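Given next are the chains, with one letter for each unit.
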Amino acid sequence: MKALAIAVLWGLTFAAAHAAESGRTPKPVIAIEKPGQCVEATDVMRRDHMKLLKHQRDKTMHQGIRSKPHSLNECIACHASQKTGSVIGAEGFCQSCHDYAAVKLDCWDCHQPKPGQKAATGVRP
Amino acid sequence: MSNNREQAQPANDRHPLPGEGGRGEGSNVSRRGFLATSAAALAGLTLAPGINLIEIAAAKPDSEPVTSKVRWGMLIDTTRCQSGCTDCVSACGKENGLGEVTKPRTDAQWIRKIDLTDLKSGHALSLPMMCQHCANPPCVDVCPTGASFKRADGIVLVDRHTCIGCRYCMMACPYKARSFVHEPHTDQNPEVPRGQGCVESCTLCVHRVDRGGTPACVEACAAAGHNAMMFGDLNNPESEISKRIREVKTTQVRADLKLDLGVRYEGI
Ligand code: SF4
Ligand code: SF4
């Protein structure tokens, strides 16, 4: 929680005072607008979110397992910016950090980075 | 299964999944146990006549893997399909975020309407054509990366995470069912990720089927009052589709290829 508050603070400081060169290095904008608990502890998510996502991805793709906690759509549901409605864009939750870490992010070439627009699910008679 | 690639697991770095076989054919004992128990539990309840246990058990919980007890398939009654009606095609485009086909040579088409006329008799037919969800899919045989695969329940899919866009599968498919995505996309349905550089085809609306739903085209056809498309479990002798296939003569297109198709046609 403390780490999170610091991260948010950093984000704010960066946004407001980047020009004033208050920090020597630019930091990513990590704005967590929705309160509440992530599906795993913050340090686990920081280190291993890609492993969790990849594991769930294969289970969904090959075995049709569509349970929620580690699905990409669940990440987006919480982490999309309230301003842009997306997890990408300069201050998007995913992109800002990936830009900072210089790790190419290609999920969004195919996946929808905005929550909502759910498909109507027909019911089998 | 007469598949000679059953041993050839894709050499990608996927995490091993519990109970996963060659192409998702595998099944695990405890899952079977679970299904058997849930079916038994359901049997204890009073069911309305005609509602059948296996189909209820098939609406699996989200956390359960699909099994080969089910084989999803479709029966298309060409005597009911109306020439000029493209409701199935539009429903597919809307559901899967394909949009309108404006450039037919390159835009993705998962389902097409085809009109056929016998030149001698003048007898005309109209029918939708899409991936036939072959039990022995040539697209899977030729795929060099293992991206093209068949799920345990018979649905043939492309794993875009592994697809390199080589388009071998497009050449191998006898039904022209696959499309290459040429351009970037941003308006995907969150349930149907798709983007430039991969090959794709009809998924039988797998995202709906996994939640107990019906493919969008089947729903649209019924909504239009034509009822030319029937979706169901070919493995369950009591399902509507199996009963119908038992009663009337149905055709697999190019049955000579012996691909054991999941989509069958009536009246051709
Ligand atoms: S119809 Fe074509 S794309 Fe579909 S399973 Fe058969 S070979 Fe593959
Ligand atoms: S285009 Fe993709 S799915 Fe088709 S054969 Fe090549 S790698 Fe496999």
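Residues numbered from 1 in each chain as written. Chains lettered and ligands numbered in written order. Predicted model: local features only at pLDDT ≥ 70, side-chain atom pairs only at ≥ 80, totals over all residues. Heavy atoms only, no water.

Caption draft 1: Highlighting the overall build of chain A. The helix and strand inventory of chain A stands at 4 helices and 0 strands. Along its sequence from the N terminus, chain A presents helices and strands in the succession α-α-α-α. Scored against the burial criterion, the 125 residues of chain A give a buried share of 30%. Within chain A, residue pairs in contact and separated by at least 24 positions form 49% of the contacts whose partners lie at least 6 positions apart. Of the roughly 7,900 Å² that chain A leaves accessible, carbon and sulfur atoms contribute 61%. (Helix = DSSP H or I, 4+ residues; strand = E, 2+ residues; numbered from the N terminus. Buried < 20%, exposed > 50% of the residue type's maximum accessible area, 1.4 Å probe, protein only. Contact = heavy atoms within 4.5 Å. Areas by Shrake-Rupley, 256 points an atom, 1.4 Å probe, with all protein chains shown as cover.)

Caption draft 2: Looking closely at the overall build of chain B. Regarding its fold elements, chain B presents 8 helices and 10 strands. Expressed as a percentage of its 268 residues, the buried residues of chain B come to 50%. A separation of at least 24 residues holds for 60% of the contacts in chain B among residues at least 6 apart in sequence. Looking at chain B as shown, the accessible area adds up to about 12,600 Å², and 55% of this sits on carbon and sulfur atoms.

Caption draft 3: A look at the packing of aromatic side chains. Residues and elements named next belong to chain B. Tallied over the full model, the rule gives 1 aromatic pair over all chains. Aromatic side chains tryptophan 72 and phenylalanine 231 sit 5.1 Å apart centroid to centroid with 20° between the ring planes, which places their arrangement in the stacked category. Here tryptophan 72 is found in strand β1 (residues 72-77), whereas its partner phenylalanine 231 is found in strand β8 (residues 229-233), with 159 residues between them in sequence. For the pair tryptophan 72 and phenylalanine 231, one class covers both residues: buried. (Phe/Tyr/Trp six-rings, centres within 6.5 Å; stacked < 30°, edge-to-face > 60°.)

Caption draft 4: Examining the environment of B:Pro144 more closely. Residues and elements named next belong to chain B. Considering the arrangement of structural elements, one finds proline 144 in the loop between α4 (138-142) and β4 (148-150). In this structure, the C-alpha to C-alpha distance between proline 144 and leucine 257, residues 113 residues apart in sequence, is 22 Å. Once residues lying within four places of it in the same chain are set aside, the contact partners of proline 144 are Ile164, Cys166 and Tyr168.

Caption draft 5: Expanded view of the side chain of B:Arg194. Looking at where B:Arg194 falls in the secondary structure, it is placed in the loop between β6 (179-180) and β7 (199-200). Its relative accessible area of 2% is what places B:Arg194 among the buried residues. Apart from residues no more than four positions distant in its own chain, B:Arg194 is found in contact with A:Asp109, A:Cys110, B:Asn96, B:Gly97, B:Leu98, B:Ala108, B:Trp110, B:Arg160, B:Val181, B:His185, B:Gln188 and B:Glu200.

Caption draft 6: Looking closely at the site of ligand 1. Residues in close proximity to ligand 1 include B:Cys131, B:Gln132, B:His133, B:Cys134, B:Pro137, B:Pro138, B:Cys139, B:Val156, B:Cys173, B:Pro174, B:Tyr175 and B:Arg178, which together make up its full environment. Of the residues in the shell around ligand 1, the class split is 9 nonpolar, 2 polar and 1 charged. (Near = heavy atom within 4 Å. Nonpolar A, V, L, I, M, F, W, Y, C, P; charged D, E, K, R; others polar.)

Caption draft 7: Region of the structure containing the site of ligand 2. Inspection of the region around ligand 2 gives 14 residues, with B:Cys143, B:Cys163, B:Cys166, B:Arg167 and B:Cys169 positioned closest. Classifying every residue of the shell around ligand 2 by side-chain character gives 10 nonpolar, 3 polar and 1 charged.

Caption draft 8: Examining the pairing of β1(B) more closely. Residues and elements named next belong to chain B. The buried count for β1 comes to 6 of 6 residues, which makes it a mostly enclosed element. Residues Trp72, Met74 and Ile76 point to one face of β1 and Gly73, Leu75 and Asp77 to the other, with burial holding for every one of them. Two strands pair when backbone bridges link them, and β1 and β8 are joined in this way by 5 bridges, in the antiparallel orientation. Paired with glycine 73 across the two strands is glycine 232, which belongs to β8. (Pairing = 2+ DSSP bridges.)

Caption draft 9: Spotlight on unusual backbone geometry. Residue and element names in this part refer to chain A. One non-glycine residue, alanine 102, lies in positive phi territory at about 55°. You can see alanine 102 is positioned in the segment after α4 (93-101). Residue classification places alanine 102 among the exposed residues on the basis of a relative accessible area of 68%.

Caption draft 10: Seen up close, the confidence of the model for chain A. All names here are of chain A. Model confidence for chain A is summarised by a mean pLDDT of 79, while 75% of its residues fall at 70 or above. Mean pLDDT per element in chain A: helix α1 (residues 2-17) is the minimum at 49, and helix α2 (residues 42-63) is the maximum at 94. Confidence drops under a pLDDT of 50 for residues 11-21, and excluding neighbours within four residues, the segment shows 9 contacts in the predicted structure. The model gives residues 119-125 a pLDDT under 50, and that stretch makes 24 contacts with residues more than four places away or in other chains. (pLDDT = per-residue confidence, 0-100.)

Caption draft 11: The nonpolar core, seen in detail. Residues and elements named next belong to chain B. By size, the foremost hydrophobic cluster in this structure holds 38 residues, and its most contacted members are Met74, Met130 and Met229. For this core, the secondary structure elements donating two or more residues are β1, α3 (87-95), β3 (124-130), α6 (206-209), α7 (216-223), β8 and β10 (263-266). Here methionine 229 is in contact with Met74, Leu75, Ile76, Cys88, Ile111, Pro128, Met130, Cys217, Val218 and Cys221, once residues within four sequence places are set aside. (Core = buried A, V, L, I, M, F, W, Y, C linked by side-chain atoms within 4.5 Å.)

Caption draft 12: Representation of α2(A). Residue and element names in this part refer to chain A. At aspartate 48, α2 shows its largest kink, close to 75°. By the burial criterion, the buried members of α2 are Met45, Gln56, Asp58, Lys59, Met61, His62 and Gln63. Looking one or two residues past α2, glycine 64 carries a phi angle of roughly 70°, positive in sign. (Bend = angle between axes of the 7 residues up to and from the residue.)

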